Amino acid sequence: MASAEPAAEHERILREIESTDTNCIGPTLRSVYDGQEHGLFMEKLDGRIRNHDREIEKMCNHHFQGFVDSITELLKVRGEAQKLKGQVTETNQKLQNDSKELLMMMDELRQCRLQQRNIATTIDKLTLCLPVLEMYSKLQEHMKAKRYYPALRTLEQWEDDCLPQAGLYRFCAIMAENIPRLRTHIRDVSVSDLKDFLESIRKHSDKIGETAMKQAQVQLSCDNAVTSQQRSASGRRIWKNAGSGTIVDRTGSSPLSEKDSGILNVKDEEEDEVPGAQDLVDFSPVYRCLHIYTVLGSRDTFENYYRKQRRKQARLVLQPHSNMHETLEGYRRYFNQIVGFFVVEDHVLHTTQGLVNRAYVEEWWELALSKTIAALRTHSSYCTDPDLILDLKNLIVLFADTLQGYGFPVNQLFDMLLEMRDQYGEILLKKWNQSFRQILDQDNYSPIPVASPEEYQRITGQFPFQDPELDKMSFPKKLPFSEFVPKVYSHLKEFIYACLKYSEDLHLSSTEIDDMIRKSTNLLLTRTLSHCLQYAIKKKNVGLAELVQIIINTTHLEQSCHYLEEFISNITNVPPDTINATKLYGTSTFKDARHATEEEIYTNLNQKIDQFLQLADYDWTAAQGGGQASDYLSDLIAFLCSTFAVFTHLPGNAIQHAMLPGKVAQTACMSACKHLSTSLLQLLLDADVKQVSMGALQQFNVDVRECERFARAGPVPGFQGDTLLLAFIDLRQGAGRGHYGRTEDESPPLKGVHCGLGKFASFSNPQSEASSGN
């Protein structure tokens, strides 16, 4: 068992040596030398080598004959090979000689193919570069033509599409480096154009506004054409029928002419079509700059810049000139600039996407509206010309209608116009006050003489006067009233028309217009005309005849008030019996004026009587009285007779209309007699009269009898019996207190004067009697 194990191990090592690579045999041999059977292994190895040598020898012996045969054949082939080599060499030489031309042609072909390939490559590269060059050329053309937005779009396409496809060429790199500079140039140029645009619209905003207002006016004229035709027919009826067939005299002087100012009237001549705002303004700089900034990614920057610049312009536009109130053109320029500003903003709002929005425009409109209204209130307050106020109102209406057509709310403007209506009314009242005073100053206070039917028709056309009896009379004849009546009536109608003109186009109902006209007319009647009549009545050097004529005039004007009512109803189309309709106060105004005139007549008569009584010079110590009335009293009686003759010699109709002498004449006569009686009694009882002689009382009695004779003569018809004598009853039967030899401490009554002046029994002082008795 012990010898079997080393043998097996040696066998294993031998197999491993046979099968293992030489580089790895070291470990195997070391295991042999490390063991104790080294000699035995060497024996085994030698035996194995001998075995292999025997096998090699066997194999060589087995293949030797074949090897010999092969060598023999190889020797035979060598000769043929030499022969073949010669043939091949010869053939090669021939081939070399024959292929030289072919090689040259092949070399040329190769060169051609190389050139062809290079050309194709070049074409391909040029094909990629040509769009870059073409786009660059197109970019330069846009820049030269100042088409900056297409240039920017071309630049964007050139940078994003063409340059990446062209490759990394030097010229492409140079072009790419210029792209930011080109963008900056385009942006700067577009901003410069925008600044020019903003400056242009700032300078021409008034022209833009004027054009827009003309467009609105033309549109309104077209819309109201049918209505105007209908109103013109009714208007002719009003002129002819108002006031019982009266026609206003437009040729006479009046504070306000019937002709419109003409500032807003569309001309009848053929005109070219009014251009629109977009036709006057080139908005392309705005669009171009907006698109450019959008492409550059700076849209917010542009929006902020545009709005900031427009805010500055808005502040300038909304600042009125200091002398704007002096002329209508000042207001017109102011409105044109505002309209021009908002027309531009409205156009930008509807043609751009978000450059300005509705909230932004409405915010500026609210600010503009408040500033405009404040400016108009301030400047219109300086105006004293009703024509200018009316033209300003028409201009404001057109201004409001124009902006309302663009969608802006304008209710506050119409509210302001209603406020201005009161100012307009006050200015009218002041102007009519001057006109009324001028009429009263220029009037001759005499009945109007009429020499021909044409003249009669002209006067009755101005004033609604109808008198069948006067119509039957032949020419020449006299109308009962003076020129003051038709002129005042015409001016009243002119005032009503002036009020109507202001109320037009204010979007008021007929009832509101009617109420406004009636209230304004009432102010004219109760304040202006009433004060003017008081001025005429209280004026110095007004005679009784003039006062009587004023009574007649006011009576006729009072009777014409219902014609004014009808006139207002006709022009406003509001029936006079409408509920809550304001009534005219003309009747009460003229009644008050007439009553004041009557009182003035009574006062003037009494003043005249006082003036005559100041001439009285009684000698209270005269021994004997005269047989005739005193001179001052005779003159006074003559004056009263001539004065009351003015009443009695008036035309019948005038007396009937003015209720003279049945009322005024009788009252005036009674008042004069009472005042005369009271004044004479005061002369007799005056404290300065210390004593009265019989002769003085006789003269005084003669004067009293003269007064009674005047009363019995009936200077004014209509008194019943001796009614007028009652005015002197206090003088005749009142017995007054007399003095004879009166001192400051004692004032005993006169004897014999207790039952009237008819008894003159004794005129002595009791103390005197006592002394004489002594």
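All of these numbers come straight from a predicted model, not from anything done at the bench.

K.L.:
Hey, could you run me through the overall build of the protein in this one?
P.N.:
Across its full length, the protein carries 27 helices and 2 strands. Evaluated residue by residue, the protein yields a buried proportion of 41% over its 774 residues. By sequence separation, contacts in the protein at least 24 residues apart represent 79% of the contacts at least 6 residues apart. Carbon together with sulfur atoms contributes 51% to the accessible area of the protein, which is approximately 43,400 Å² in total.

K.L.:
Would you take a moment to explain the packing of aromatic side chains for this structure?
P.N.:
The description of two aromatic rings rests on the distance between their centres and on the angle between their planes. Evaluated as defined, the whole model comprises 19 aromatic pairs. With a centroid separation of 5.1 Å and an interplanar angle of 80 degrees, the aromatic rings of F341 and F342 are classed as edge-to-face. Considered together, F341 and F342 belong to a single accessibility category, that of buried residues. Note on W365 and F408: the rings are 5.3 Å apart at their centroids and 45 degrees apart in plane angle, and the pair reads as tilted. A residue pair is termed long-range when its members are at least 10 positions apart, and W365 in helix α12 (residues 358-380) and F408 in the loop between α13 (386-405) and α14 (411-442) qualify at 43 residues. The exposure class assigned to W365 is buried, which follows from its relative accessible area of 1%. Taking relative accessible area as the criterion, F408 reaches 3% and is therefore assigned buried.

K.L.:
I tried to follow α13 on my own but got confused; where do I start?
P.N.:
Side chains that are three or four residues apart share a direction in an α-helix, a result of its 3.6 residues per turn. Relative to the 28 Å expected for 20 residues at 1.5 Å per residue, α13 spans 28 Å between its end C-alpha atoms, a close match to the ideal helical length. By the criterion of burial, α13 is predominantly enclosed, with 16 of the 20 residues buried. Two to three positions downstream of the cap, the backbone nitrogen of D387 sits 3.1 Å from a side-chain oxygen, assigning the N-cap of α13 to D385. Of the residues flanking the end of α13, it is G407, one or two places downstream, whose phi is positive at about 90 degrees.

K.L.:
Help me out: how do you make sense of the pattern of salt bridges in this one?
P.N.:
Proximity of charged atoms lets side chains of opposite charge pair with each other. What the rule picks out here adds up to 15 salt bridges. With a shortest N-O distance of 2.8 Å, D107 and R110 are connected by a salt bridge. Residue D107 and its partner R110 are both found in helix α3 (residues 38-144); the two are separated by 3 residues, about one turn of the helix. Judged by its relative accessible area of 47%, R110 is partly exposed. One network of salt bridges, with partners in common, ties together E199, R202 and K203.

K.L.:
Would you mind going over the confidence of the model for the protein with me for this structure?
P.N.:
Low pLDDT marks stretches whose predicted atomic positions should not be read closely. Predicted confidence across the protein gives a mean pLDDT of 76, with 82% of residues reaching 70 or more. Note on residues 233-272: pLDDT under 50 across the span, and 67 contacts to partners over four residues away in sequence or across chains. Below pLDDT 50 for its whole length, residues 734-774 participates in 58 contacts with residues either more than four positions away or in separate chains.

K.L.:
For this particular structure, what's the right way to read the nonpolar core?
P.N.:
A general tendency of soluble globular proteins is for nonpolar side chains to be buried together. By size, the foremost hydrophobic cluster in this structure holds 163 residues, and its most contacted members are F335 and I601. Ranked by the residues each element gives to this core, the list is headed by α14, at 13 residues. Counting residues in hydrophobic clusters, the runner-up holds 11 residues, among them M143, L155, L182 and V189.

K.L.:
Explain the environment of T384 to me, please; I cannot follow it from the model alone.
P.N.:
Relative to the helices and strands, T384 is located in the loop between α12 and α13. With a relative accessible area of 67%, T384 lands in the exposed category. Sequence-wise, T384 and Y424 are 40 residues apart; in three dimensions their C-alpha atoms are separated by 8.7 Å.

K.L.:
Looking at this structure, I do not really get a positive patch on the surface. What am I missing?
P.N.:
On the surface, K308, R311, K312, R315 and K371 cluster together into a positively charged patch. Looking at the positive patch element by element, the count peaks at 4 residues for helix α10 (residues 299-317). Within the element layout of this structure, R315 appears in helix α10.

K.L.:
Even after reading the chapter, I still don't get the packing of helix α18 (residues 510-538) against helix α20 (residues 561-572), so can you show me in this structure?
P.N.:
Helix-helix packing is characterised by the crossing angle of the two axes and by the distance between the axes. Where α18 contacts α20, the two axes come as close as 9 Å, and the packing angle between them is 150 degrees. Taken as axis vectors, α18 and α20 run roughly antiparallel relative to one another. As α18 runs across α20, the sense of the crossing is right-handed. Seen from α18, the contacting residues are S510, I513, D514, I517, R518 and T521; seen from α20, they are E565, I568, S569, I571 and T572. Taken together, the residues of the contact of α18 with α20 sort by class into 4 nonpolar, 4 polar and 3 charged.

K.L.:
When you look at the side chain of S380 in this model, what are you seeing that I'm missing?
P.N.:
Relative to the elements of secondary structure, S380 occurs in helix α12. Since its relative accessible area comes to 2%, S380 is described here as buried. Separated by 2.5 Å, the side chain of S380 and the backbone oxygen of L376 make a polar contact. Not counting residues within four places of it along the chain, the set of residues in contact with S380 comprises Y331, I389, L392, M420 and Q423.

K.L.:
Explain the packing of α14 against helix α17 (residues 484-503) here, please?
P.N.:
Orientation of α14 relative to α17, taken along the N-to-C sense of each, is 165 degrees, at an axis distance of 11 Å. One way to sum up the angle between α14 and α17 is to call them roughly antiparallel. Here α14 and α17 pass one another in a crossing that is right-handed. The segment α14 lies against α17, with L417, M420, R421, Y424, L428, L429, W432, S435, F436, I439 and L440 engaging F484, K487, V488, H491, L492, E494, F495, A498, C499 and Y502. In terms of residue class, the contact of α14 with α17 is made up of 16 nonpolar, 2 polar and 3 charged.

K.L.:
Before we go on, may I ask you to explain unusual backbone geometry in this structure?
P.N.:
Leaving glycine aside, a negative phi is the common case for residues, and trans is the common case for peptide bonds. Between F475 and P476 the backbone carries a cis peptide bond, its omega angle lying at 0 degrees. Tracing the backbone through its elements, the reader meets P476 in the loop between α16 (468-472) and β2 (477-479). With a phi close to 65 degrees, D505 is a non-glycine residue in the positive phi region. For D505, the position within the fold is in the loop between α17 and α18. Looking at D505, the relative accessible area reads 48%, which means it is partly exposed.

K.L.:
When you look at a nonpolar patch on the surface in this model, what are you seeing that I'm missing?
P.N.:
Taken together, the side chains of F64, F67, V68, I71, L74, L75 and V77 define a hydrophobic patch exposed on the protein surface, amounting to about 670 Å² of accessible area. Along the polypeptide, I71 turns up in helix α3.

K.L.:
I tried to follow α3 on my own but got confused; where do I start?
P.N.:
For α3, which comprises 107 residues, the first-to-last C-alpha distance of 107 Å sits more than 12% below the rise-based estimate of 159 Å (1.5 Å per residue). The sharpest bend along α3 measures roughly 45 degrees and falls at H63. All of the buried residues in α3 are F41, G47, R48, S99, C129, V132, M135, L139, H142 and M143. After α3 finishes, the residue K146 shows a positive phi value of roughly 60 degrees.

Rules and cut-offs
Residues numbered from 1 in each chain as written. Predicted model: local features only at pLDDT ≥ 70, side-chain atom pairs only at ≥ 80, totals over all residues. Heavy atoms only, no water. Helix = DSSP H or I, 4+ residues; strand = E, 2+ residues; numbered from the N terminus. Buried < 20%, exposed > 50% of the residue type's maximum accessible area, 1.4 Å probe, protein only. Contact = heavy atoms within 4.5 Å. Areas by Shrake-Rupley, 256 points an atom, 1.4 Å probe, with all protein chains shown as cover. Phe/Tyr/Trp six-rings, centres within 6.5 Å; stacked < 30°, edge-to-face > 60°. Expected span 1.5 Å × (residues − 1). Polar contact = N/O pair within 3.5 Å; in protein donor to acceptor, adjacent residues only side chain to side chain. Salt bridge = Lys/Arg side-chain N within 4 Å of Asp/Glu carboxyl O. pLDDT = per-residue confidence, 0-100. Core = buried A, V, L, I, M, F, W, Y, C linked by side-chain atoms within 4.5 Å. Patch = residues over 30% accessible without salt bridge, like charges linked within 9 Å, V, L, I, M, F, W, Y side chains within 5 Å. Lys, Arg positive; Asp, Glu negative; His and termini not counted. Charge placed at Lys NZ, Arg CZ, Asp CG, Glu CD. Axes fitted to C-alpha atoms, helices over the stretch in contact; angles between N-to-C directions. Parallel < 35°, antiparallel > 145°, perpendicular 65-115°, else oblique. Left-handed = near helix turned anticlockwise from the far one by under 90°. Nonpolar A, V, L, I, M, F, W, Y, C, P; charged D, E, K, R; others polar. Bend = angle between axes of the 7 residues up to and from the residue.

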